[in-house]
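Listed below, chain by chain, are the residues.
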Amino acid sequence: MTNTSAFWPTLDTPTTRYTVQPGCGFLDAAYYAARHAVHPAIDLNAVTGSDTDLGDPVEAADSGRVVAVMWDSYIGGIVEIRHEDGSTSGYWHLRDIHVKLGEEVKGGDLVGQIGKGAKLDMAAHLHFYVKKAGVNLPANYWPSTHLKNRTACEAFVRENYHHPEEWLKARGAKRRIEDLQAVRGSPIRVLINDLEITGQLVQRPDSGVTVDARTETVRVYVNSREPVPSISIPALPLN
Ligand SMILES: [Zn+2]
């Protein structure tokens, strides 16, 4: 059965779309090389980069109950939501929190706004993770703090956390424009599967790309997962 209530946690934003920050994927080797810590999450940042997504909405990845709301002196705002299958999605570094402990939420509901951590020393981004059913680690738990060995730490993370992108994909999380429109209506400023496009994307690329007429350049490139299909960008009149 296809889940119809799952959404990527950062979609309906003033910026065009979000992507995983380079080196900040799930158990990313580059993250370990730089910080000697494993990363059990994906860090989502607007493609416009750095702090341009500060304050952007963070939405529940699926329906569930809010099981943690806290402020950590380093992490900043934290929300966790437990879903029907027992898995728990987590949202870190929030500047503002818009849900209460125990509240029932639907996928796509606003849970908070993107922040920079409590000390405001990070580039604004969303740290998003999913703990497996039955895992009861504290909401501000960081798996590298006591497991110094990389192999042991990665094994621990794989045992206790889902790969967030695979979890979203398995749920049919909405990130495509027509899916969002069908479920939620406009607005439609979102990222599209594996294509990275600058400008204000307002239509699916495989049915033609339309960008905001004020956009001067449109650049399409391949991310690490899939080849980019051939896309022709129509010339746009400037008004
Ligand atoms: Zn992170």
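Fair warning: this is a prediction, and the values are worked out from it, not measured in the lab. Throughout, residues of each chain are indexed from 1 in the direction in which the sequence is written. Note on the predicted model: pLDDT of at least 70 is required for a residue's local features to be given, and 80 or more for side-chain atom pairs to be given and counted; whole-chain, interface and lining totals, by contrast, use all residues. Excluded from the side-chain calculation are hydrogens and water; included are all heavy atoms of the structure.

Focus: the coordination of the zinc ion
Logical step 1: Note: metal donors comprise N, O and S atoms at 2.8 Å or less from the metal (3.2 Å for Na, K and Ca); water molecules are not included, so apparent gaps in a site are possible. Surrounding the zinc ion are the protein donor atoms His 39 (NE2), Asp 43 (OD), Asp 43 (OD) and His 127 (ND1), which sit 2.0 to 2.7 Å from the metal.
Logical step 2: Angular criteria define each label, namely tetrahedral for four donors with all angles between 85 and 135 degrees, square planar for four and octahedral for six donors with opposite donors over 155 degrees apart and remaining angles between 65 and 115, and irregular for whatever fails these tests. Around the zinc ion, the four donor atoms are arranged such that angles at the metal cover 52 to 158 degrees; this shape is classified as irregular.
Logical step 3: Mapped onto the sequence, the donors of the zinc ion take the spacing H-x3-D-x83-H. Placement of the pair is Asp 43 in strand E2 (residues 42–46) and His 127 in strand E10 (residues 126–131), with a sequence separation of 84 residues.
Logical step 4: Given the relative accessible area of 2%, His 127 is considered buried. A run of H or I in DSSP counts as a helix once it spans at least four residues, and a run of E counts as a strand once it spans at least two, with each numbered from the N terminus. Categorising residues by exposure relies on relative accessible area from a 1.4 Å probe, with only protein chains included: less than 20% of the type maximum marks a residue as buried, more than 50% marks it as exposed, and the intermediate range marks it as partly exposed.

Overview of the layout of surface pockets
Logical step 1: Every definition here rests on a 1 Å grid over the protein atoms only: cavities are sets of points where a 1.4 Å probe fits but cannot get out, pockets are open sets enclosed by protein on both sides within 12 Å along at least five of seven lines, and lining residues have some atom within 4 Å of a point. Grid points are joined across faces, edges and corners, and a volume is the space filled by probe spheres set on the points. Counted as a void, the second largest pocket has a volume near 340 Å³.
Logical step 2: Residue assignment for the lining of the second largest pocket shows that the elements contributing at least two residues are helix H1 (29–35) and strand E6 (88–94).
Logical step 3: Residue classes in the lining of the second largest pocket are distributed as nine nonpolar, five polar and two charged. Here the nonpolar group is Ala, Val, Leu, Ile, Met, Phe, Trp, Tyr, Cys and Pro; Asp, Glu, Lys and Arg are the charged ones; every other residue, Gly included, is treated as polar.

Quick notes on the side chain of Gln 21
Logical step 1: As for its position among the elements, Gln 21 is in the loop between strand E1 (18–20) and H1.
Logical step 2: In this structure Gln 21 comes out as buried when scored by relative accessible area, which is 17%.
Logical step 3: The contact criterion used is simple: two residues touch if any of their non-hydrogen atoms lie within 4.5 Å. Those residues in contact with Gln 21 that sit more than four places away from it in its chain are Asp 43, Asn 45 and His 125.

Points about unusual backbone geometry
Most of the time, phi is negative for any residue but glycine, and the peptide bond is trans.
Logical step 1: The phi angle at His 36 is positive, at roughly 50 degrees, despite the residue not being glycine.
Logical step 2: Structurally, His 36 is set in the loop between H1 and E2.
Logical step 3: Overall, His 36 belongs to the exposed group, its relative accessible area being 59%.
Logical step 4: Its identity as a non-glycine residue notwithstanding, His 93 has a phi of 75 degrees, on the positive side.
Logical step 5: Given a relative accessible area of 5%, His 93 falls into the buried group.

Note that all results are geometric; they support no functional claim without further evidence.
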